[in-house]
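Residues per chain are reported as follows:
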Amino acid sequence: MLAAVLISFRKQRGMSQEKFAAHSNVDRAYVGGIERGQRRPSFSVIEKLLSGLDVTWAEFGTALDREAKRR
């Protein structure tokens, strides 16, 4: 669910994975691993990712909840 939500936010903002990683100050390969579900980021990394997307924790939580209900 985490990956789906992050990808959705990233695409809504028209960001490539590379641009998203740069804005988040996270390695692009690590972002790719997260998006493929191969990595489980810490809260501090999630915070960087949300900051790079300009998404609040509340928005993120709502999106996770919606994704959970869809599954």
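Residues numbered from 1 in each chain as written. Predicted model: local features only at pLDDT ≥ 70, side-chain atom pairs only at ≥ 80, totals over all residues. Heavy atoms only, no water.

## What to know about the nonpolar core
Using the following cut-off: What we call a nonpolar core is a set of buried Ala, Val, Leu, Ile, Met, Phe, Trp, Tyr and Cys residues that are connected through their side-chain atoms within 4.5 Å. Here's how the labels work: a residue is buried when its accessible area is under 20% of the maximum for its type, exposed when over 50%, partly exposed in between, all with a 1.4 Å probe on protein chains only. A run of H or I in DSSP counts as a helix once it spans at least four residues, and a run of E counts as a strand once it spans at least two, with each numbered from the N terminus. Whether two residues are in contact is decided by their heavy atoms: any pair within 4.5 Å suffices.
Judged by nonpolar contacts, the single largest core of 17 residues is most densely connected at Leu6, Phe9, Leu49, Leu53 and Phe60. Of all the secondary-structure elements, those providing two or more residues to this core are helix H1 (2-12), helix H2 (17-24), helix H3 (28-35), helix H4 (43-53) and helix H5 (57-70). Of all the elements, H4 adds the most residues to this core, at five residues. In this view, Phe9 contacts Leu53, Val55, Glu59, Phe60 and Ala63; residues no more than four positions away in its chain are not counted.

## Notes on the packing of aromatic side chains
The line we're drawing: Aromatic pairing here means that ring centres of Phe, Tyr or Trp (its six-membered ring) are within 6.5 Å. Orientation follows from the plane angle: under 30 degrees is stacked, over 60 is edge-to-face, and everything else is tilted.
Tallying each qualifying case throughout the model produces two aromatic pairs. Pairing Phe43 with Trp57 gives two aromatic rings, centres 6.3 Å apart and planes at 50°, and the pair type is tilted. Within this pair, whereas Phe43 is found in helix H4, its partner Trp57 is found in helix H5, the two being separated by 14 residues in sequence. Classification of Phe43 as exposed rests on a relative accessible area of 67%. With 6.0 Å between their ring centres and 80° between their planes, Trp57 and Phe60 make a pair best called edge-to-face. Pair noted here: Trp57 and Phe60 are both in helix H5, with a separation of three residues, about one helical turn. Take Phe60: its relative accessible area is 4%, and that puts it in the buried class. One aromatic cluster is present, built from ring pairs that chain together Phe43, Trp57 and Phe60.

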